[in-house]
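Topology and contacts: notes
So the chains spell out like this:
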Amino acid sequence: MKGLTLHKIELEKSFDPRSFEDRIYTQWQEQGAFKPQEGSGTPYVVVIPPPNVTGVLHLGHGLNISLQDILIRFHRMRGVPVLWVPGTDHAGIATQNVVEKQLKAQGQSRHDLGRDAFIQKTWQVKEAHHKIISRQIARMGASVDWSRERFTLDEGLSQAVREVFVSLYERKLLYKGNYLVNWCTSCGTALSDDEVEHEELPGKLYHIRYPLEDAVFRGDTAQGWVEIATTRPETMLGDTAVAVHPEDPRYQALIGKSLVLPLTDRRIPVVADTYVDRAFGTGAVKITPAHDPNDWELAKRHDLPAISILTPDGRLNDQVPQQYQGLRVKAAREAVLADLKAGGFWVKETAITHRVGHCYRCHTVIEPFLSEQWFVRMQPLAEKALAAWQKGELIFYPRKWENTYRHWLENIRDWCVSRQLWWGHRIPAWYCLSCGNTIVSRQDPSVCPSCGGETLKQDPDVLDTWFSSWLWPFSTLVWPVQDGTAQTNDFHRFYPTTALVTAYDIIFFWVSRMIMAGLEFTGTVPFRDIYIHGLLRDKQGRKMSKSLGNGLDPLELVDQFGADALKFTLAFLCAQGQDLLVDKESFKLGSKFANKLWNASRYILMNLDQRTFIEHPRLNPVDQWIYARLNHAAKTMTEAFLSYRFNDAAATAYDYFWNDFCDWYVEATKLSLRTGDTAEKDRATTVLLEVLAESLRLLHPLLPFITEAIYEHVPHTPGLLITAPYPVYDEARNVPEIEQNIALLQELVRLVRTLRSECTIAPEKKIPVLIRLSSRDAPGLFLTENRELLQLLAGIGDLTIEPSEPSLTRPSGSIGLVGSGFEAFVYIAEAVDMAVLQRTLTKAIEKDRTFIAGLQTKLANEHFLKNAPPDLVKGEQLKLADALQRTEKLAAYMRDLFRGTDHGV
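Residues numbered from 1 in each chain as written. Predicted model: local features only at pLDDT ≥ 70, side-chain atom pairs only at ≥ 80, totals over all residues. Heavy atoms only, no water.

1. Side note on the overall build of the chain
Put simply, the rule reads: Helix numbers and strand numbers start at the N terminus; a helix is a DSSP run of H or I with at least 4 residues, a strand a run of E with at least 2. Note on method: radius of gyration uses C-alpha positions; expected globular size equals 2.2 Å times residues raised to 0.38. Residue exposure (1.4 Å probe, protein chains only): buried if accessible area is under 20% of the type maximum, exposed if over 50%, otherwise partly exposed. Should any heavy atoms of two residues lie within 4.5 Å, those residues are considered in contact. Areas reported as accessible are Shrake-Rupley estimates using a 1.4 Å probe. Residue values count occlusion only from the protein chains shown. We treat Lys and Arg as the positive residues and Asp and Glu as the negative residues; His and chain ends play no part in the count. Charged groups are reduced to one reference atom each: NZ for lysine, CZ for arginine, CG for aspartic acid, CD for glutamic acid.
Within the chain, the regular secondary structure consists of 27 helices and 31 strands. Taking 2.2 N^0.38 as the reference for a compact globule, 905 residues should give roughly 29 Å; the C-alpha atoms of the chain span a radius of gyration of 37 Å, well beyond that estimate. By its C-alpha atoms, the chain is 115 × 75 × 55 Å across when sized along the principal axes. A total of 905 residues make up the chain; the buried ones form 54% of that total. At a minimum sequence separation of 6, the contacts of the chain that also span at least 24 residues come to 77%. Roughly 39,800 Å² of accessible area belongs to the chain as shown, and the carbon and sulfur atoms make up 49% of that amount. For the chain, the distance from the average position of its 101 positive side-chain charges to the average position of its 111 negative side-chain charges is 3 Å.

What follows is the structure, encoded as structure tokens:
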């Protein structure tokens, strides 16, 4: 490429990401850039947390996908094989709810359609939503391998689900039985403990008298009854005992006796159990085993019956007196209370606040419900998962989530995995109608292996959505492995995966269970790194939701600002362990940075005409400095990416490109490009292009579209940027002495630029400056040797550099500036109207004094200091410090220029 003649390259004047994003994404796909590249080293593998096919993606998905894409692109550029598996989740309850709502709007129910027709309609909804989701993922620039896209109900994953269900059954880790479950009467299905969301809500505590069987009940006779308190009086119709503490002297004489259950003709015993807190309430507790988990456990200890009083749709059933049958819970509560009052059983009611469980999907109040369900024994699986973390096989980022993980595993309960739905993986269990045998099989049975009977009925329930999701890291890579299949190598080559990126609200639902499944069925953890990012909130700290109307559509943001602005802004704001506070205005940050990148690149490329690209150009000190700055940025960003500190990586990228490259280096090269000879201009242009190309490689993971769009125009850059090598830190590029020299030059330029701004000196106005150096060391010598560069960057006209002597005084008509090893005297009197300047500075000082007085009054107010948020107080203190410093500086200017005038503070 030696001697390559360059030509002017015109990028569009206005930065418009819509003009190239779709084209570049298609180009990446068509050239196979998203597929694992051949290369050495351990593959870097991520499986996408599969979005639910219930609608469109929200900004939370945008955050999750953006962070994964950053990691994938970074590791791809490091030269190792990279695989990012996309996919979607069938989302049993959520998707079925969507379809049932559609049917309800048409005056139908799923039962009107029948199971097969309902499932077919749900597939149609899935396909429609899947197209939207796939398009959204692509629009956000996700470099996933679409050829390996999976769905939790596709054939391969369904086979994995069946294999795991049967294996758990064979290993005695799966069982079926009548147990108390969390029941959603709206969805008509059981839920696991982790699918119940609790809220603090106002309620009432009702006190009720239960009369003794052998006493004549009179409402005012304390000897004839036991008083209990409950928040759910309608459940008393299912009571089978009243429990007291065995050491409570108030009730010892009643233990073993019977009570008459009000409003019924049943008798229930008084039992003694240490579960009862004798200091709480009356010390007597009604026991309703079929509708309270604690009562269920107590009933098992005392061999008490469990009477279920609810139907699956939340009505009272035939186990209660006839007048209550068919009533929904709220109506039944009102009727029971009215009858208790009429019968003299009601004592009082008090207002309380208590935690009420709700369905995580439809928000219906959960009812504890006695039902026959399938359960996974979790304790043996949890022990393995806990041991893996203790052995260091798993690393959480940030580490604080390890405590959450440990606590959940140490207190785990069996997992109810059956759901009374139609959409999902149907449970592979059959019941022989001839002998009652249960058959759990990898293949659909035709006869009963026990009796040979051919009348078999499959379990009508489906598995919990999370039962397929917990297998996601290995089921997506073609597990169970079958010899002879085309993709058999995927599991061996890419499992275990490398990292999981997810939000903290599904640590229980998904993360912990994936670890358990991986250990149980593959013998290893499914990933090493677990990065837990925060949740998106609005500027008031509220979680984004439809009800609050504060949600942001990621595609609307992409349309307005571009996919790179979305990705960069989210990364910049994503500090480990913290939620992100955003609004639409937040994304101007990424948009402005992308625009800066575009404009800087456009300037460089449009000034190439008739320049010659040369090999191995000589580097002057400023060139060596920018390579050192790029080198430091590459090191910092690499370390940040490897430790999931996305905000640090983004901040470093921003500071390097905007400040070091644009504000300093590009400006500095103008000296060579404007005043150098042809050879010098060619040399400077070549270095500038090479630094730009490497800078684009540095920024690509955070801004993939715009960097690729620019890179394709940069001469001497073959191939795609997406697969180009990421900059690697090189100790030989560090030039500490030159960096020190440039830092001195920057300090001086900043001081002069600030003074020019404060004195409103026009940018084109050149001002004389005298610099006195305290020593003739290397930095001072550097200023002398690079005086033309200093003049260019600071807008200096005549420049005098001389050694400092104690006898020398400040020149008349100048303002003195003091820096590290120098004094600079700027001849303001030659650049401005001094009378106007005096008035300007006087007004500025007076304005600052008023501002300072207000702040001092506020910060002296004890009420403000006591009640204001600490951040607000600190902010006001910083404002005061800045104002005092600014005012003192302006007063010093006045003293320098207008002797005898006191404007100090």
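2. Details of the pattern of salt bridges
Stated precisely, the cut-off is as follows: Here a salt bridge means any side-chain nitrogen of Lys or Arg lying within 4 Å of a carboxyl oxygen belonging to Asp or Glu.
Applying the stated criterion across every chain, the model contains 53 salt bridges. Where R399 meets E402, a salt bridge forms, and the shortest distance between an N and an O atom there is 2.6 Å. The exposure class assigned to E402 is buried, which follows from its relative accessible area of 9%. A salt bridge links D663 to K596, with the nearest nitrogen and oxygen atoms 3.8 Å apart. Within this pair, whereas D663 is found in helix α19 (residues 646-675), its partner K596 is found in helix α17 (residues 588-605), the two being separated by 67 residues in sequence. According to the relative accessible area criterion, D663 is partly exposed, its value standing at 26%. Each member of the salt-bridge network shares a partner with another, and the members are K35, D145, R148 and D490.

3. Some thoughts on the state of the cysteines
Rules: Pairs of cysteine sulfur atoms within 2.5 Å are what we label disulfides.
In this structure the tally under the stated criterion is 0 disulfides. With no disulfide of its own, C416 lies closest to C359 among cysteine sulfurs, the gap being 13 Å.

4. Regarding helix α25 (residues 834-859)
Note: α-helices contain 3.6 residues per turn, so residues at a spacing of three or four share the same orientation. Where we set the bar: By definition here, a helix of n residues has an expected span of 1.5 Å times n minus one.
For α25, spanning 26 residues, the distance from its first C-alpha to its last is 37 Å, which sits close to the expected 38 Å at 1.5 Å a residue. All of the buried residues in α25 are L837, L841, T842, I845, D848, I852, L855 and L859. Tucked into the core, α25 has its buried residues touching α22 (736-758), α26 (862-867) and α27 (870-897).

5. Quick look at the packing of aromatic side chains
Going by this rule: Any two of the Phe, Tyr and Trp rings considered here, Trp counted by its six-membered ring, make a pair once their centres fall within 6.5 Å; the pair's planes then place it as stacked at under 30 degrees, edge-to-face at over 60, or tilted in between.
What the rule picks out here adds up to 44 aromatic pairs. Relative to F641, the ring of F74 lies with its centre 4.8 Å away and its plane at 45°, an arrangement referred to as tilted. Highlighted residues: F74 in helix α2 (residues 59-77) and F641 in helix α18 (residues 621-642), separated in sequence by 567 residues. In this structure, F74 and F641 share a single accessibility class: buried. Here Y654 and W658 contribute two aromatic rings whose centre-to-centre distance is 5.2 Å and whose plane-to-plane angle is 20°, an arrangement assigned as stacked. Of the two residues, Y654 and W658 both sit in helix α19, 4 residues apart, roughly one turn of that helix. The exposure class of Y654 is partly exposed, given its relative accessible area of 24%.

6. Observations concerning the pairing of strand β15 (residues 367-376)
Quick note on the threshold: The rule for pairing is simple: two strands pair if DSSP sees at least two bridges between them.
Of all 10 residues in β15, 9 are buried, a share of seventy percent or more. Bridging between strand β6 (residues 174-184) and β15 involves 10 bridges; their strand directions are antiparallel. Bridging from a neighbouring strand, G177 pairs with Q373 of β15.

7. Re the packing of helix α3 (residues 92-105) against helix α5 (residues 115-139)
Our working definition: Here an angle of 0 to 180 degrees is reported between the N-to-C directions of two axes, which are lines fitted to C-alpha atoms, with helices fitted over the stretch in contact. Throughout this description, any angle smaller than 35 degrees is read as roughly parallel, any larger than 145 degrees as roughly antiparallel, any in the 65 to 115 degree range as roughly perpendicular, and the remainder as oblique. Gly falls in the polar group here, along with every residue not listed as nonpolar (Ala, Val, Leu, Ile, Met, Phe, Trp, Tyr, Cys, Pro) or charged (Asp, Glu, Lys, Arg).
Two elements in contact, α3 and α5, have axes whose closest approach is 10 Å; the angle formed by their N-to-C orientations is 110°. The orientation of α3 relative to α5 falls into the category roughly perpendicular. Note on element contacts: α5 touches α3 through F118, K121, T122, V125 and H129, opposite T95, Q96, V98, V99, E100, Q102 and L103. Here the contact of α3 with α5 is built from residues that sort into 5 nonpolar, 5 polar and 2 charged.

8. Side note on the sheet that holds strand β17 (residues 415-416)
As summarised here, the arrangement of the 4 strands in space is β7-β6-β15-β17, forming an open sheet in which the pairing is antiparallel. Because the sheet does not close on itself, it has two edges, and the strands there are β7 (189-191) and β17.

9. Observations concerning the confidence of the model for the chain
Low-pLDDT portions of the prediction should not be read for the details of their coordinates. Under the convention used in this document: Looking at any residue, its pLDDT shows the predictor's confidence there, from 0 to 100.
Of all residues in the chain, 97% attain a pLDDT of 70 or more, and the chain-wide mean is 91. Here residues 216-222 is modelled with pLDDT under 50, and outside its nearest four sequence neighbours on either side it reaches 11 contacts, counting other chains as well. Scored below 50 in pLDDT, residues 900-905 shows 14 contacts in the model against residues more than four places distant or in partner chains.

10. What about the pairing of strand β3 (residues 82-85)?
Basically, it comes down to this: For crossovers, right-handed means that the path from the first strand over the helix to the second runs clockwise, given strands pointing away from the viewer.
Neither face of β3 is left uncovered, since the one carrying V82 and W84 and the one carrying L83 and V85 both have all their residues buried. Bridge analysis of strand β2 (residues 44-47) against β3 gives 4 bridges, and the strand direction is parallel. Note that in β3 the partner of V45 across the bridge is L83. The β-α-β motif built from β2, the intervening α2 and the parallel element β3 has right-handed crossover chirality.

11. Quick look at the nonpolar core
As a reminder, the rule being used: Here, nonpolar core means buried Ala, Val, Leu, Ile, Met, Phe, Trp, Tyr and Cys residues that are tied together by side-chain atoms lying within 4.5 Å of each other.
Within the largest apolar cluster, 152 residues are counted, with the highest numbers of intra-cluster contacts made by F661, L702, I771 and I828. Contact partners of F661, with chain neighbours within four places excluded, come to I604, I626, Y656, V666, L688, V691, L692 and S695. Membership of the second largest hydrophobic core comes to 73 residues, among which are W408, V462, I507 and V525.

12. Observations regarding unusual backbone geometry
Put simply, W479 and P480 share a cis peptide bond, and its omega is 0°. Within the fold, P480 resides in the loop between α12 (472-475) and α13 (488-494). A cis geometry characterises the amide bond from Y495 onward to P496, with omega recorded as 0°. Looking at the secondary structure, you find P496 in the loop between α13 and β23 (499-503).

13. Topic: the sheet that holds strand β24 (residues 529-533)
Spatially, the 3 strands line up as an open sheet ordered β16-β24-β23, and their pairing is parallel. On the outer flanks of this sheet lie β16 (395-397) and β23, each paired with one strand and no other. Strand-to-strand twist of the sheet, defined as the mean angle between neighbouring strand axes without regard to direction, takes the value 20°.

14. So, helix α21 (residues 704-711)
Counting buried positions over the 8 residues of α21 gives 8, a clear majority of the element. Among the residues of α21, P704, F705, I706, T707, E708, A709, I710 and Y711 are the ones counted as buried. Looking at the packing, one finds that the buried side of α21 touches α1 (21-30), α2, α5, α16 (563-573), α17 and α20 (678-699).

15. Looking at the side chain of H245
For H245, the location among the structural elements is in the loop between β10 (241-244) and β11 (258-260). Residue classification places H245 among the buried residues on the basis of a relative accessible area of 9%. Contact partners of H245, with chain neighbours within four places excluded, come to D273, T274, V276, R278 and G283.

16. Things to note about the packing of α2 against α16
Geometry of a packed helix pair, given as the angle between the helix axes and the separation of the axes. Two numbers describe how α2 lies on α16: the axes approach to 9 Å, and their chain directions differ by 90°. The angle between the axes of α2 and α16 places the two elements in the roughly perpendicular class. Here α2 contributes L59, G62, L63, S66, L67, D69 and I70 to the contact with α16, which in turn contributes L566, K567, L570 and A571.

17. Considering the environment of R542
Along the polypeptide, R542 turns up in the loop between β25 (536-537) and α15 (554-561). For R542, a relative accessible area of 37% puts it in the partly exposed group. Taking the C-alpha atoms as reference, R542 lies 33 Å from L103; in sequence the two are 439 residues apart. Setting aside chain neighbours within four positions, we find R542 in contact with R537, L548 and N550.

18. Concerning the environment of A868
Tracing the chain through its elements places A868 in the loop between α26 and α27. For A868, a relative accessible area of 14% gives the class buried. Each C-alpha atom of the pair A868 and Y893 lies 36 Å from the other, and the pair is 25 residues apart in sequence.

19. A word on the side chain of E520
Note the threshold: Two N or O atoms count as a polar contact when they lie within 3.5 Å, although within protein this holds only if one can serve as hydrogen donor and the other as acceptor, and sequence-adjacent residues are included solely when both atoms are side-chain atoms.
Tracing the chain through its elements places E520 in helix α14 (residues 507-522). Given the relative accessible area of 14%, E520 is considered buried. A distance of 2.7 Å separates the side chain of E520 from the side chain of R171, its partner in a polar contact. Within the local environment of E520, its side chain forms a polar contact with the side chain of K384, the two groups lying 2.7 Å apart. With residues near it in sequence (within four places) discarded, E520 still touches R171, L173, L381 and K384.

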